[in-house]
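Below, each chain spelled out in residue letters.
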Amino acid sequence: LRSPFFLFIIIENDNQMQTQNEAMLTAVNSVLGSIGQSPVQRLEYKNPEISFVVNIIEEVLLDVLNEGWVFNREERYAMPPAGIDGEIPINDNILRLDISEGQVYRTTDVVKRDGKLYDKLNKTYSFNREVYCDVVWRFTLEELPLAFSRYITARSAVRAATQLTASPELTKLLASQEAFARATCMEYECNQGDYSFFGTPSGTAYRSYQPYRTLAR
């Protein structure tokens, strides 16, 4: 017998929710351990301390993602009009966006307004063509690269220590760990981004001068 299709959807959603809870539980216990508190077996939001730590982690998560990193920043994302009115709805998981190559082409200036794309230059919500935007996406904690999930946890621990303890020494120690985690994120960004001061655009190829090739001859 085959199970109904909706049953698979429910099971998949339950698995995703369980994974999210496990990631958040791990982060919460790490923050609690950093400030000298005992770990918990499950997330009990009725517990004021647990709820407070979860709120800190979620706030830090949004702050870090909103910076726009190589893993959650997408350039030239096509946003087509929906319906006959030409309006372009914006997904809830988009933190911020801007028109692609807006520093060159100044014929459109778009922002998010009322959950839709709004053209400030032409004073309209209606578009007659696709609009290409540079988008910063929102992800959940378990979807992040390891370097960033650890950085968010370390940064959350500093905030928790500042607000829940009265120990400047502990806060200073945790801040040094946060700085190291931030440096790891910057290393990830540089390695994955493949940036060049030549400004070589995406979709092109360029091989810079490499001294070892001269020595190998």
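Rules used throughout
- Residues numbered from 1 in each chain as written.
- Predicted model: local features only at pLDDT ≥ 70, side-chain atom pairs only at ≥ 80, totals over all residues.
- Heavy atoms only, no water.
- Helix = DSSP H or I, 4+ residues; strand = E, 2+ residues; numbered from the N terminus.
- Buried < 20%, exposed > 50% of the residue type's maximum accessible area, 1.4 Å probe, protein only.
- Contact = heavy atoms within 4.5 Å.
- Areas by Shrake-Rupley, 256 points an atom, 1.4 Å probe, with all protein chains shown as cover.
- Pairing = 2+ DSSP bridges.
- Axes fitted to C-alpha atoms, helices over the stretch in contact; angles between N-to-C directions.
- Parallel < 35°, antiparallel > 145°, perpendicular 65-115°, else oblique.
- Left-handed = near helix turned anticlockwise from the far one by under 90°.
- Nonpolar A, V, L, I, M, F, W, Y, C, P; charged D, E, K, R; others polar.

> For this particular structure, what's the right way to read the overall build of the chain?
Counting secondary structure elements, the chain contains five helices and five strands. Put simply, the chain runs from its N terminus to its C terminus through helices and strands in the order α-α-β-β-β-β-β-α-α-α. Out of the 217 residues in the chain, the part that is buried amounts to 30%. In the chain, 65% of the contacts between residues at least 6 apart in sequence involve partners at least 24 apart. When the accessible surface of the chain is totalled, it reaches about 14,700 Å², and 53% of it is carbon and sulfur.

> What is the right way to read unusual backbone geometry from this model?
In this model, aspartate 114 sits at a positive phi of 55 degrees, which is unusual for a non-glycine residue. Positive phi, close to 55 degrees, is recorded for lysine 123, a residue that is not glycine. In this structure, lysine 123 sits in the loop between strand 4 (116–119) and strand 5 (131–137). Accessibility expressed as a relative area gives 62% for lysine 123, which makes it exposed.

> Can you help me understand the sheet that holds strand 2 (residues 94–99) in this one?
Sheet strands pair via backbone hydrogen bonds, and the direction of the pair is either parallel or antiparallel. Strand order in the open sheet formed by three strands is 1-5-2, with antiparallel pairing between adjacent strands. A strand with exactly one partner marks an edge of an open sheet, and here the two such strands are strand 1 (73–79) and strand 2. Sheet twist, expressed as the mean angle between neighbouring strand axes with direction ignored, is 35 degrees. In the sheet, strand 2 pairs with strand 5 via five bridges, with the strands oriented antiparallel.

> Explain the packing of helix 3 (residues 146–164) against helix 4 (residues 168–193) to me, please; I cannot follow it from the model alone.
To characterise two packed helices, one gives the angle between the axes of the helices and the distance between these axes. Look at helix 3 against helix 4: their axes get within 8 Å of each other, and the N-to-C directions meet at 160 degrees. Considering their axes alone, helix 3 and helix 4 lie roughly antiparallel with respect to each other. The way helix 3 lies across helix 4 gives a crossing that is left-handed. Of the residues in helix 4, those touching helix 3 at Ala147, Phe148, Arg150, Tyr151, Ala154, Arg155, Ala157, Val158, Ala161 and Thr162 are Leu170, Thr171, Leu174, Ala175, Gln177, Glu178, Ala181, Arg182, Thr184, Cys185 and Tyr188. Among the residues making up the contact of helix 3 with helix 4, the classes are represented as 13 nonpolar, four polar and four charged.

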